[in-house]
Amino acid sequence: MTQIFDNPAEFAHDALDGFVAANRQYVARVDGGVVRSTEMNQGQVALVVGGGSGHYPAFAGLVGAGLAAASACGNMFASPAAGQIYRVAKAANMNGGVLLSYGNYAGDVLHFGQAQVRLNAEGIETRTVVVTDDIASAPLNEWEKRRGIAGDLTVFKVAGAAAEAGLSLDEVERLAIKTNYRTRSLGVAFDGCTLPGAQEPLFHVPAGMMALGLGIHGEPGISEHPMPTASELAQLLVSRLLADKPDDAGTEVVVIVNGLGTVKYDELFLLFGKVEKLLSEAGLSVIEPECGELVTSLDMSGLSLTLLWLDDELKEYWAAPADTPAFRKGTSTPRAQRSVAAHVAAEAVQLEVPTPAAAALGLQAVGAVGAIRGVVMEHEEALGNLDAIAGDGDHGIGMRRGVDAASAAAQKRAEVDGGASVASVLTAAGEAWSEKAGGTSGALWGTAFIAAAAALGNRESYSPADAALAVAAFTDAITTLGKAEPGDKTMVDSMIPFRDAFLTNVAAGNSVVDSLKDAAVVSKNAAAATANLRPLKGRARPLAEKSLGHPDPGAISFGLIVERLGQHFENELMESGTRA
Ligand code: ADP
Ligand code: MG
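This section reports on the structure supplied with the text. Residue positions are given per chain, counting from 1 as you read along its sequence in written order. Whichever chain is written first is A, and whichever ligand is written first is 1; the rest continue in order. Only residues with pLDDT of at least 70 get local features here, since the model is predicted, and only at 80 or more are side-chain atom pairs given and counted; chain-wide, interface and lining totals rely on the full set of residues. Computation of side-chain values covers all heavy atoms of the structure but excludes hydrogens and water.

**Brief notes about the coordination of the magnesium ion (ligand 2)**
Counted only if it meets this: Any N, O or S atom lying within 2.8 Å of the metal counts as a donor, and for Na, K and Ca the limit rises to 3.2 Å; water is left out, so some sites can look incomplete. Only protein chains enter the accessibility calculation, which uses a 1.4 Å probe. A residue is then buried if its area is under 20% of the maximum for its type, exposed if over 50%, and partly exposed in between.
Coordination of the magnesium ion (ligand 2) by the protein comes from Asp387 (OD), Asp392 (OD) and Asp394 (OD), over a distance range of 2.0 to 2.2 Å. On the primary sequence, the residues serving as donors to the magnesium ion (ligand 2) are separated as D-x4-D-x1-D. When its relative accessible area of 12% is taken as the criterion, Asp387 is described as buried. Asp394 gets classed as buried once you look at its relative accessible area, which sits at 13%.

**Things to note about the state of the cysteines**
So the rule is basically this: Defined by distance alone, a disulfide is two cysteine sulfur atoms within 2.5 Å.
By the definition in use, this model includes zero disulfides. Cys193 takes part in no disulfide bond, and the closest cysteine sulfur, belonging to Cys73, lies 18 Å away.

**What about the packing of helix α2 (residues 82-92) against helix α3 (residues 106-121)?**
Heads up, the condition is: The axes are straight lines fitted to the C-alpha atoms, using for helices just the contacting stretch, and the angles between their N-to-C directions are given from 0 to 180°. Per the convention used, a helix needs a DSSP run of H or I reaching at least four residues, while a strand needs a run of E reaching at least two, with both numbered from the N terminus. Orientation categories follow fixed angle ranges, with anything under 35 degrees roughly parallel, anything over 145 roughly antiparallel, 65 to 115 roughly perpendicular, and all other angles oblique. Definitions for this section: a left-handed crossing has its near helix turned counterclockwise from the far helix by less than a right angle. A right-handed crossing has that turn clockwise. The contact criterion used is simple: two residues touch if any of their non-hydrogen atoms lie within 4.5 Å. Polar here means any residue outside two lists: the nonpolar Ala, Val, Leu, Ile, Met, Phe, Trp, Tyr, Cys and Pro, and the charged Asp, Glu, Lys and Arg; Gly therefore counts as polar.
One way to put it is that α2 packs onto α3 with a least axis distance of 8 Å and a crossing angle of 50°. By the angle between their axes, α2 is oblique relative to α3. The hand of the α2/α3 crossing is right-handed. Contact with α2, carried on its side by Ala82, Gly83, Ile85, Tyr86, Ala89 and Lys90, involves His111, Phe112, Gln114, Ala115, Arg118 and Leu119 of α3 and no other residues of that element. Of the residues that constitute the contact of α2 with α3, the class distribution is seven nonpolar, three polar and two charged.

**With respect to the packing of helix α12 (residues 439-456) against helix α13 (residues 464-482)**
Where α12 contacts α13, the two axes come as close as 8 Å, and the packing angle between them is 145°. In the packing of α12 onto α13, the handedness of the crossing is right-handed. Contact with α12, carried on its side by Ala443, Leu444, Trp445, Thr447, Ala448, Phe449, Ala451, Ala452, Ala455 and Leu456, involves Asp466, Leu469, Ala470, Ala473, Phe474, Ala477, Ile478, Leu481 and Gly482 of α13 and no other residues of that element. Each residue belonging to the contact of α12 with α13 can be placed in one class, and the counts come to 16 nonpolar, two polar and one charged.

Bear in mind that shape data such as this cannot, by itself, settle questions of function.
See the structure below:
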């Protein structure tokens, strides 16, 4: 349980403010995260890490000399938005290039990927190394699909030390890739974690049982086992990790025993002792290990074991000094404070003035976003519960945060003098959705709104064919960014049938309302049918078995939203008919 907060929705934000207040000698707050408050060298690579909040010391606690230059910090367990990552990276940039590194989760991949495109377009050379250490989440021959858990630390540490040593972006990237390739983790949970404001944990492990292969966002384990003794647990974790070791592994390993939130340090040390004994019996030397809380999952009861298989250069960078709020090693020369404000760029928005007719349509767009907000609010809890089955339980809250922000931004945009066009209203809505929702669905919905806005443009009337173009732009944006295919068990499985039905209806000469209503029925049926699919993309993929028999949350929310839009436009039409 989390007891200390004013407003649960502001928990991550408020906690980050307090973290910065307690660590000003290390970090400064910027919009979207934290950046080092101490000097860095001109031309050094800026390692920008990040992810959702709720994992302290990951990620903000790892910002400081010898480690990360900055951290983009999302909401609880939700990716930071692309705009936040972009701003944080700009504040950290020392003109030596940026390396983005984070755990492999669909939402983070989308948002960090968009930020990377934007930074590169501005001439800030940016690369990405995604951490994939969790051996429970995919087999060895698909290691690049694995999730990132406590192995974040080894990758960040080596990359951060290499950046501090003045290595080029190519070299820092190469070392980060190698460290990730040589890092393996496996976790167990004894009970789930509870989001601030929630009454119940995201999952429970039955008494006397242990879940193997948990995620760090409250995703339940892959399989359940009777609770072992400490020696049996050590044996289980060590044997699975040794069986998964990389080619060319060598005989020196960094060992991390990581507590996930509520396992006591004494218990972690007890397990560490057993683990070290087993590793030395296997002929391995343990080098500069860590035992404590390094990547947590709120108040999850659980732990993980990580091995990093060293070679000479990785050993040097793992052992190099670091001085951050939560991770200190060796002695590094103290650095002077720097002025962060000078590195933060302001953004200006240019708005076009629409004709009164175009502004009237802009107001209708505000109404449509409001209708979407209505249906998301009604189903928020159910969507969260559906996502908790095989995901992380945040689809309801994430959609709610996104649509609240989108609806408020749409309204605000339409309130400027002279009003705003459909394109302007929907762009504002999409930007706010991406920015505030976090998560995979936030990046997808935000980007898709912006694409539909561009297709609709600033006009005084729209035909059904224009609506068809907007629907096509919306769906293309989602498939281009998310790269999911039909059958992967995502929102694409209810969206593509919707698009096809809508386009067929429009081609047959039907009105927008009739086309929407018909396509929404198709979409809702397709969403229900995703229950029979196995997830191949997104956070639910490692828990494919648990997901069978339940529909995909993103497919369901899409069906509900288009159904509501059909009803909304039909009502609008009836009202304007009555007025006429
Ligand atoms: P997160 O997965 O980051 O927790 P949400 O819970 O808000 O984000 O959204 C989950 C939904 O996102 C899934 O149910 C699925 O429909 C959708 N999704 C995940 N990955 C993709 C993708 N690559 N393309 C399209 N939709 C996706
Ligand atoms: Mg989710």
